[in-house]
Amino acid sequence: MAQQDQQQGSTAPPLRLGVNIDHVATVRNARGGRHPDPVRAAHLAIAAGADGITAHLREDRRHITDRDMERLKAELTRPLNFEMAATEEMIGIALRTLPHACCLVPEKREERTTEGGLDVVRAQNALASHIGALKDAGIRVSLFIEPDREAIEMAAKLKADIVELHTGSYCDAALDNNADKVARELSRIVTGAELAGALGLEVHAGHGLTYNTVAAVARLPQVVELNIGHFLVGEAIFTGLEGAIRHMRHLMDMARRGSAPGA
Ligand code: PXP
């Protein structure tokens, strides 16, 4: 197995880290005002090894604001990945902001975080028009989906550039120490990444990833980007944002080279 990992590691493309800074804004908004500034966190994340910055402008603006998005677009030296619901309002903002990429996610006001992937089959008509509008503007389009065959095949049919595979169920199972479920969920991600790669989709993954769960996903050769936020911002309380990002980057790179312990 170690040898197989090493072989994968040697041929796999580089693995990018997108740091999600939403929860820096959550802390800022707890008091109003300007501190801590998510744009400052974005600059620091890049200095610490992030390849890009991800920010989710939610319908209720509970963390990132419209002004944050404008400042991120104006100031960042690395790609901005704009996470958003597939609504007319958000498409309009994306077309004005022109980020490097948009990741379309399901969004419900009452949820605490993005629960589950997009229902791409049910929403296919609306998605087809949104994807077309974003791509026509030169924005790369990613769909945040469960690692399931039907969703992946539909993402390819809709001509998305990227699928971001939802790692939440895998990470929840790891938090619950449920080894059987970890194995099952990981196997869905492995199979999903293989299928998406075979269909020509760029494969990203994210949600809930931690130091303990990142390696098993980072070593999948089809996965070229991980988007990680909440754990890094939480860990920053103890070790600082820069240290947390550097350590995550190190774990990802080790796994990619086939020298990390399994999750
Ligand atoms: N990817 C997507 C599409 C997300 O919606 C989120 C959460 O905003 C993340 C990645 C990052 O998840 P987490 O904050 O749990 O690391």
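What you see is a predicted model, and the numbers here were worked out from it, not measured in a lab.

Asker: Got a sec to walk through the side chain of Glu-235? Specific residues and values, please.
Answerer: Locating Glu-235 in the fold gives a position in helix α11 (residues 230–239). When neighbours within four sequence positions are excluded, Glu-235 is seen to be in contact with Tyr-211, Gly-240 and Ala-244.

Asker: Describe the site of the ligand, and please don't skip the residues or the numbers.
Answerer: Residues in close proximity to the ligand total 14 residues, the closest being Glu-83, Glu-164, Gly-208, Gly-229 and His-230. Within the side chain of Glu-83, one N or O atom sits 2.9 Å away from an oxygen atom of the ligand. Here an oxygen atom of the ligand sits 2.8 Å away from a polar atom, N or O, in the main chain of His-230. In the complex, the protein chains occlude 95% of the 400 Å² of accessible area that the ligand would expose alone. For the shell around the ligand, the class distribution of residues is four nonpolar, seven polar and three charged.

Asker: Could you give me a rundown of the sheet that holds strand β4 (residues 101–105), with the residues and numbers involved?
Answerer: Whenever strands of a sheet pair, they do so through backbone hydrogen bonds, lying parallel or antiparallel. Taking strand neighbours around the barrel as the criterion, the eight strands line up as β1-β2-β3-β4-β5-β6-β7-β8 in a closed arrangement whose pairing is parallel. Averaged over all adjacent pairs, the angle separating strand axes in this sheet is 25 degrees, with direction ignored. By the bridge criterion, four bridges tie strand β7 (residues 202–206) to strand β8 (residues 223–228) in an arrangement that is parallel. Residue pairing in the sheet places Ala-205 in a bridge with Leu-226 of β8. Where helix α5 (residues 88–97) meets the sheet, its contacts fall on β3 (80–85) and β4, and the angle it forms with β3 comes to roughly 165 degrees. Across the sheet, helix α6 (residues 124–136) touches β3, β4 and β5 (140–145), and the angle it forms with β5 is around 145 degrees.

Asker: Requested: an account of the packing of aromatic side chains, with residues and values cited.
Answerer: If you walk through the whole model with that rule in mind, you get one aromatic pair. On the numbers, 4.8 Å between centres and 75 degrees between planes, the contact of Tyr-211 with Phe-231 is edge-to-face. Within this pair, whereas Tyr-211 is found in the loop between β7 and α10 (214–218), its partner Phe-231 is found in helix α11, the two being separated by 20 residues in sequence. For Phe-231, a relative accessible area of 23% gives the class partly exposed.

Asker: Talk me through the pairing of strand β2 (residues 52–56); I want residue IDs and the actual numbers.
Answerer: Consecutive residues of a regular strand have side chains that alternate between opposite faces of the sheet. For β2, the buried fraction is high: five of the five residues fall into the buried class. Neither face of β2 is exposed, since Gly-52, Thr-54 and His-56 on one face and Ile-53 and Ala-55 on the opposite face are all buried. Relative to β2, strand β1 (residues 16–20) is paired through three bridges, and the arrangement is parallel. Looking across to β2, one finds that Asn-20 is bridged to Thr-54.

Asker: If you had to explain the packing of helix α3 (residues 38–47) against helix α4 (residues 66–75) to someone new, which residues and values would you point to?
Answerer: In contact at an axis separation of 10 Å, α3 and α4 are set at 35 degrees when each is read in the N-to-C sense. Considering the relative orientation of α3 and α4, their crossing is right-handed. Here α3 contributes Pro-38, Val-39, Ala-42 and His-43 to the contact with α4, which in turn contributes Asp-68, Arg-71, Leu-72 and Glu-75. Tallied by class, the residues present in the contact of α3 with α4 amount to four nonpolar, one polar and three charged.

The rules behind the values
All residue numbers refer to position in the chain's written sequence, counted from 1. At least 70 in pLDDT is required for a residue's local features to be given in this predicted model, at least 80 for side-chain atom pairs to be given and counted, and no such filter applies to totals for whole chains, interfaces and linings, which use all residues. Note that water and hydrogens are dropped before the side-chain values are worked out from all heavy atoms of the structure. By the criteria applied, helices consist of DSSP H or I runs no shorter than four residues and strands consist of E runs no shorter than two, each listed in order from the N terminus. Any pair of residues with heavy atoms lying within 4.5 Å of one another is described as a contacting pair. Nearness here has a simple test: a residue counts as near a molecule or strand if at least one of its heavy atoms is within 4 Å of that partner. Counted as a polar contact is a pair of N or O atoms within 3.5 Å, where, for protein atoms, one must be capable of donating a hydrogen and the other of accepting one, and residues adjacent in sequence contribute only when both atoms are in side chains. Accessibility throughout is a Shrake-Rupley quantity obtained with a 1.4 Å probe, and a residue counts as covered only by protein chains that appear here. Residues are grouped as follows: Ala, Val, Leu, Ile, Met, Phe, Trp, Tyr, Cys and Pro are nonpolar; Asp, Glu, Lys and Arg are charged; every other residue, Gly included, is polar. For two strands to be treated as a pair, DSSP must find at least two bridges joining them. Helix axes are fitted only over the stretch in contact, all axes being lines through C-alpha atoms; the angle between N-to-C directions runs from 0 to 180 degrees. Pairing of aromatic rings covers Phe, Tyr and Trp, the last through its six-membered ring, and needs centres within 6.5 Å; plane angles under 30 degrees mean stacked, over 60 mean edge-to-face, and all others mean tilted. Only protein chains enter the calculation, and the probe is 1.4 Å; a residue is then buried if its accessible area is under 20% of its type maximum, exposed if over 50%, and partly exposed in between. Crossings are sorted by hand: turned counterclockwise from the far helix by less than a right angle, the near helix makes the crossing left-handed, and turned clockwise it makes it right-handed.

Remember that the coordinates give geometry; whether it matters functionally is a separate question.
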